[in-house]
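Structure assessment
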Protein chains: 2
Amino acid sequence: MREFKRRARVLLIDDNADHLRGVKELITLESSYDVVATTTSANIGINLAKKYRPDIILMDINMPEKDGLQAIQEIEKLDMDIRVIALSGYDDADLIFRAMKIGAKGYVLKTMASAQLIYAMDEVAAGKIYLPTALTSRFFEYFQNSFKEEEKTSAEENLLTYLTAREEEVLDLLTQGNNYKSIAGKLFISETTVKTHVNNIFQKLQVNDRTQAVLYALNNGFANRRLSKIAV
Amino acid sequence: MREFKRRARVLLIDDNADHLRGVKELITLESSYDVVATTTSANIGINLAKKYRPDIILMDINMPEKDGLQAIQEIEKLDMDIRVIALSGYDDADLIFRAMKIGAKGYVLKTMASAQLIYAMDEVAAGKIYLPTALTSRFFEYFQNSFKEEEKTSAEENLLTYLTAREEEVLDLLTQGNNYKSIAGKLFISETTVKTHVNNIFQKLQVNDRTQAVLYALNNGFANRRLSKIAV
DNA sequence: TTTGTCTTACATCTTTAGATTGATAAAATA
DNA sequence: TATTTTATCAATCTAAAGATGTAAGACAAA
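Below you will find a few notes about this structure. Computed from a predicted model, the values in this text were never measured in an experiment. (Residues numbered from 1 in each chain as written. Chains lettered and ligands numbered in written order. Predicted model: local features only at pLDDT ≥ 70, side-chain atom pairs only at ≥ 80, totals over all residues. Heavy atoms only, no water.)

On to the overall build of chain A, then. Of the regular secondary structure elements, chain A holds 10 helices and five strands. Counting only residues that meet the buried cut, chain A has 50% of its 232 residues in that class. Sequence separation of at least 24 residues holds for 64% of the intrachain contacts in chain A that already meet a minimum separation of 6. (Helix = DSSP H or I, 4+ residues; strand = E, 2+ residues; numbered from the N terminus. Buried < 20%, exposed > 50% of the residue type's maximum accessible area, 1.4 Å probe, protein only. Contact = heavy atoms within 4.5 Å.)

Next comes the structure, spelled out in structure tokens:
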């Protein structure tokens with residue numbers, strides 16, 4: 001958590017000029033933040049971010065021209081410790097999820113009380129991530145749901161359960177891209193034995209070749225599952 | 001959001017008998033919930049859940065005997081609309097993340113004020129998901145970090161960018177488990193042409209065979225990315 | 001003890017996969 | 001226009017993968 005020795009600097013990006021003015025006034029009059037720049041264009045906003053290096057950006061994510069989410073992503077890629085708070089007119093779970101996924105430090109509805117916006121900025125300036133309670137609940141419903149669907153498909157009937165311990169070892173090595181010789185070497189068994197195991201695996205998983213076996217394994221919760229991959 | 005026409009029923013599971021008594025007293029005296037049963041064993045707790053069908057379970061997740069998280073998972077699998085709130089002594093980001101992932105409707109620290117526990121129960125009883133603000137912030141740091149690491153690896157240098165449009169088509173079919181003949185049929189080109197493309201793909205991705213190519217593709221953000229896969 | 005499963009192993013055979021070289025026409029780019 | 005890239009196809013060859021049948025020792029369960 002860093003301390004701001006100076007007044008924190010804020011950049012406002014909102015294609016609605018009226019709302020932009022309103023927020024600027026609010027911040028100027030009722031907070032201890034400095035608005036260093038404002039713009040109604042996401043593209044210009046990204047350039048302003050590079051130029052002014054603000055501490056916080058308030059980014060409208062419901063803009064027609066350029067997607068606000070995409071703009072957030074580009075700003076995050078700059079890796080300049082600029083903290084973006086998403087401003088949106090919608091408490092849509094998918095929107096909230098995507099915004100938080102790509103690195104937004106907060107998500108505030110435009111309809112919320114101005115005090116809440118200031119509070120969010122305070123929290124974010126202090127290094128925290130802020131989501132209003134109601135939106136947090138929405139987020140988690142969406143979040144948990146994405147895992148529930150997964151369980152269903154894998155619960156139907158997971159052919160992986162029919163594999164023996166040794167077959168699982170072999171499959172694990174298959175999912176790492178090993179060929180017969182390599183697997184034989186790592187398990188200290190002969191290549192023909194590996195072939196036997198692999199053939200048994202094919203039978204049990206009802207596939208025709210190793211690529212299909214690997215795909216089946218990865219899509220049905222077999223070990224080596226990597227983190228995430230939740231499409232934006 | 002459902003309404004409770006009767007007083008909501010609560011099951012308490014906590015291996016610490018003292019804490020168990022304390023929470024029971026708190027709920028009995030200072031809330032409008034009925035404690036239908038208590039136990040210090042996760043396994044017994046699961047059976048009690050089936051028997052009493054409580055509306056809410058307060059589950060200690062720091063138990064030695066059986067992992068509380070595992071117990072939550074088993075209860076969720078029952079699919080009986082029993083809402084579990086995780087009780088923990090630690091505000092560990094990983095613990096919070098895992099609890100919420102498997103379906104906990106709330107996560108409350110044992111050190112928190114008793115009013116906060118009652119509030120969490122009220123929210124959860126009302127169909128919402130509740131996480132204290134401080135823990136929400138922790139959760140999101142962890143959540144966003146899991147995506148950041150991903151970007152790094154894929155940002156280093158993604159060999160997939162060197163593929164031509166046609167090669168991407170071929171790779172896409174490879175990641176679906178097709179062999180040469182099948183790909184040739186689907187793209188209306190000869191099998192030898194497919195071989196040429198596949199060989200070029202191997203060169204560009206610096207791999208030796210199709211399985212490795214498929215693994216590279218899946219691990220580096222190539223289309224077909226499925227939802228989730230965040231290991232518990 | 002018998003039965004069954006698991007792990008190991010080999011032989012044989014067929015089918016894919018993969019490497020290499022070469023070639024042509026279209027399309028994009030310099 | 002000249003050059004490079006891309007997409008297409010072929011022939012050839014080697015290596016790897018996959019199918020099938022058989023079998024022995026270990027071990028656990030009936």
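In terms of nonpolar packing, the biggest core is built from 90 residues, with Leu 58, Tyr 107 and Phe 139 of chain A together with Tyr 107 and Phe 139 of chain B touching the most fellow members. Per-element accounting of this core gives the leading share, six residues, to helix α5 (residues 114-125) of chain A. Counting 23 residues, the second largest nonpolar core, distinct from the first, contains Leu 171, Ile 201, Ala 213 and Ala 217 of chain B. (Core = buried A, V, L, I, M, F, W, Y, C linked by side-chain atoms within 4.5 Å.)

Quick look at the protein's contact with DNA strand D now. With respect to spatial proximity, 16 residues lie near DNA strand D, and among them Asn 199 and Asp 209 of chain A together with Thr 164, Arg 166 and Ser 190 of chain B are the closest. Considering the 4 Å shell around the protein, atoms of DNA strand D inside it are sugar or phosphate in 67% of instances. Note that a base oxygen of DNA strand D is positioned 3.2 Å from one of the side-chain N or O atoms of Lys 195 of chain A. One of the side-chain N or O atoms of Arg 166 of chain B is found 2.8 Å from a phosphate oxygen in DNA strand D. (Near = heavy atom within 4 Å. Polar contact = N/O pair within 3.5 Å; in protein donor to acceptor, adjacent residues only side chain to side chain.)

At the interface, 43 residues of chain B touch 42 residues of chain A. Roughly 4100 Å² of surface becomes buried between chain B and chain A when both sides are summed, with 61% attributable to carbon and sulfur atoms. Taken together, the links from chain B to chain A amount to zero salt bridges. At the level of secondary structure, the elements contributing two or more residues to the side of chain B that touches chain A comprise α4 (93-101), α6 (133-156) and α10 (210-219) of chain B. Considering each element in turn, the side of chain B that touches chain A owes the most residues, 11 residues, to α6 of chain B. When the residues that make up the side of chain B that touches chain A are grouped by side-chain class, the tally is 17 nonpolar, 16 polar and 10 charged. (Buried area = accessible area lost by both parts, 1.4 Å probe. Salt bridge = Lys/Arg side-chain N within 4 Å of Asp/Glu carboxyl O. Nonpolar A, V, L, I, M, F, W, Y, C, P; charged D, E, K, R; others polar.)

So, on to the sheet that holds strand β4 (residues 83-88) of chain B. All names here are of chain B. Ordered in space as β2-β1-β3-β4-β5, the five strands form an open sheet in which the pairing is parallel. Strands with a single pairing partner mark the edges of an open sheet, and in this sheet they are β2 (34-39) and β5 (106-109). Looking at each pair of strands side by side, their axes are set apart by 20° on average, direction ignored. Contacting β1 (9-13), β2 and β3 (56-60), helix α2 (residues 42-52) crosses the sheet at an angle of about 145° to β2. Against the sheet, helix α3 (residues 68-78) touches β3 and β4, its axis set at about 160° to β3. (Pairing = 2+ DSSP bridges. Axes fitted to C-alpha atoms, helices over the stretch in contact; angles between N-to-C directions.)

All names here are of chain B. Packing of helix α7 (residues 165-174) against helix α9 (residues 191-205) brings their axes to within 10 Å, and their N-to-C directions diverge by 95°. As the angle between them shows, α7 and α9 are arranged roughly perpendicular. Contacts between α7 and α9 pair Arg 166, Glu 167, Val 170, Leu 171 and Leu 174 from the former with His 197, Val 198, Asn 200, Ile 201, Lys 204 and Leu 205 from the latter. Here the contact of α7 with α9 is composed, by residue class, of six nonpolar, two polar and three charged. (Parallel < 35°, antiparallel > 145°, perpendicular 65-115°, else oblique.)

Residues and elements named next belong to chain A. Of the two faces of strand β5 (residues 106-109), the one holding Gly 106 and Val 108 and the one holding Tyr 107 and Leu 109 are both buried throughout. Relative to β5, strand β4 (residues 83-88) is paired through four bridges, and the arrangement is parallel. Within β5, the residue paired with Ile 85 across the bridge is Gly 106. Once you follow β4 into helix α4 (residues 93-101) and on to β5, the crossover reads as right-handed. (Right-handed = clockwise from strand over helix to strand, strands pointing away.)

Quick look at unusual backbone geometry now. Phi at Asp 79 of chain A is positive, roughly 55°, even though this residue is not glycine. One can find Asp 79 of chain A in the loop between α3 (68-78) and β4.

When chain B is fitted to chain A, the best match, at an RMSD of 0.6 Å, comes from turning it 180° and sliding it 0.4 Å along the axis. In the structure described here, the two chain copies are related by an operation that fits a two-fold rotation axis. Of the residues that chain B buries at the interface, 98% are likewise interface residues in chain A, meaning the two copies contact each other through the same surface. (Least-squares fit on C-alpha atoms with pLDDT ≥ 70 in both.)

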